[in-house]
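# Survey of secondary and tertiary structure
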Amino acid sequence: MLDQIKGLHHVTSMAGDARRNNDFFTHKLGLRRVKKTVNFDAPDVYHLYYGDETGTPGSVMTYFPFPNIRKGRHGVGEVGTTAYSVPQGTLAYWEKRFAEQGVTGVSGEESFGEKRLSFAGPDGDSFALVEDKADSRAPWVKGGVSSDEAIRGFHSVSLRLKDGGATEELLKFMGYEEVDKSGNVRRLAVKNGNGADVVDIESLPTAAFADLGAGSVHHVAFAVENRAKQLEVRKALIDTGYGVTPVIDRDYFWAIYFRTPGGVLFEVATNEPGFDRDEDTAHLGEALKLPAQHQHLRPYLEQHLQKLEG
């Protein structure tokens, strides 16, 4: 069993309109845009990152907004719900805020003894807020939500699978342990993690497979401290039979990818070097940052890409 993985690193999804996406996360959720860059493989498309003040691993939601993308279809073989952690007793505040902000799909429930508020993202993405009294992570406090109510970071992701058995075994190999179960959902968590420690596996044997599009999660990334730890994980996964990519430099972290038995794309990303490698913390997410291979496209991209507020 591996011990290098310290919880979630980031979740990357697909979107339609970049302005609507930016508004939802920075204004409605009160998160910070910590990076405005482009899709390395399609540089005429933004890659937008939202999180806490510094983009701490375990807090960062990222998006590829393709202007003409079709809407995704939810199903199995994908990340279902991405859940954020908020302080205990704050869901009433968030329900009122969502009503005022026009957020849809809002409903309250209790799961695994935790109060949670489900809601939809701008493209029908599935999100939830979970009250967690033990979460001591510092929030971003300049996004219009006070520190008493603000989002702390990720709480968990849920995986919707036809059969969760093989993916559960994979997660246990990655250092996760089963901590609870409820109906068709098994909850796994990693010890001594970064706060974004939980993965829920929802088994839906008769459900149709998901179809990737706007509102779909593209991949979920798990955090390791550095490149040395990442190489240890990569070797262990390859030795176990997984087809893992070479290490890829994503400017703000190094990444490896592999497909899980249930169909979900997993990434293992380093905590280094971080989002302040090319702009200081006070101005994260303000300027358009381009990887070296796309710097020559700057004049075109600055004219082509949608102007974003903030």
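Basis of the calculations
Residues numbered from 1 in each chain as written. Predicted model: local features only at pLDDT ≥ 70, side-chain atom pairs only at ≥ 80, totals over all residues. Heavy atoms only, no water. Phe/Tyr/Trp six-rings, centres within 6.5 Å; stacked < 30°, edge-to-face > 60°. Helix = DSSP H or I, 4+ residues; strand = E, 2+ residues; numbered from the N terminus. Buried < 20%, exposed > 50% of the residue type's maximum accessible area, 1.4 Å probe, protein only. Lys NZ or Arg CZ within 6 Å of the ring centre and 35° of its normal. Salt bridge = Lys/Arg side-chain N within 4 Å of Asp/Glu carboxyl O.

An unreviewed UniProt entry lists the protein under the name Ring-cleaving dioxygenase, from Mesorhizobium erdmanii.

## Observations regarding the packing of aromatic side chains
Taken as a whole and judged by the stated rule, the model has 18 aromatic pairs. When the ring of tyrosine 176 is compared with that of phenylalanine 222, the centres are 5.9 Å apart and the planes differ by 80 degrees; the resulting orientation is edge-to-face. One end of the pair, tyrosine 176, is in strand 10 (residues 176-182); the other, phenylalanine 222, is in strand 13 (residues 217-224), and 46 residues separate them in sequence. Residue classification places tyrosine 176 among the buried residues on the basis of a relative accessible area of 1%. Judged by relative accessible area, phenylalanine 222 falls into the buried class, the value being 1%. Of the aromatic side chains, those joined through ring pairs into one cluster are Phe24, Phe25, Tyr50, Tyr63, Tyr84, Tyr93, Trp94, Phe98, Phe119, Phe127 and Phe154. Against the face of phenylalanine 209 rests lysine 162, its NZ or CZ located 5.3 Å from the ring centre.

## Quick look at the pattern of salt bridges
For the coordinates displayed, the defined rule picks out 17 salt bridges. One salt bridge in this structure joins arginine 70 and aspartate 211, with 3.1 Å as the shortest N-O distance. Here arginine 70 is found in the loop between strand 4 (60-65) and strand 5 (78-86), whereas its partner aspartate 211 is found in the loop between strand 12 (198-203) and strand 13, with 141 residues between them in sequence. Taking the relative accessible area as the measure of exposure, arginine 70 reaches 53% and is therefore exposed. Residues aspartate 200 and arginine 187 are paired through a salt bridge, measuring 2.7 Å at the closest nitrogen-oxygen approach.

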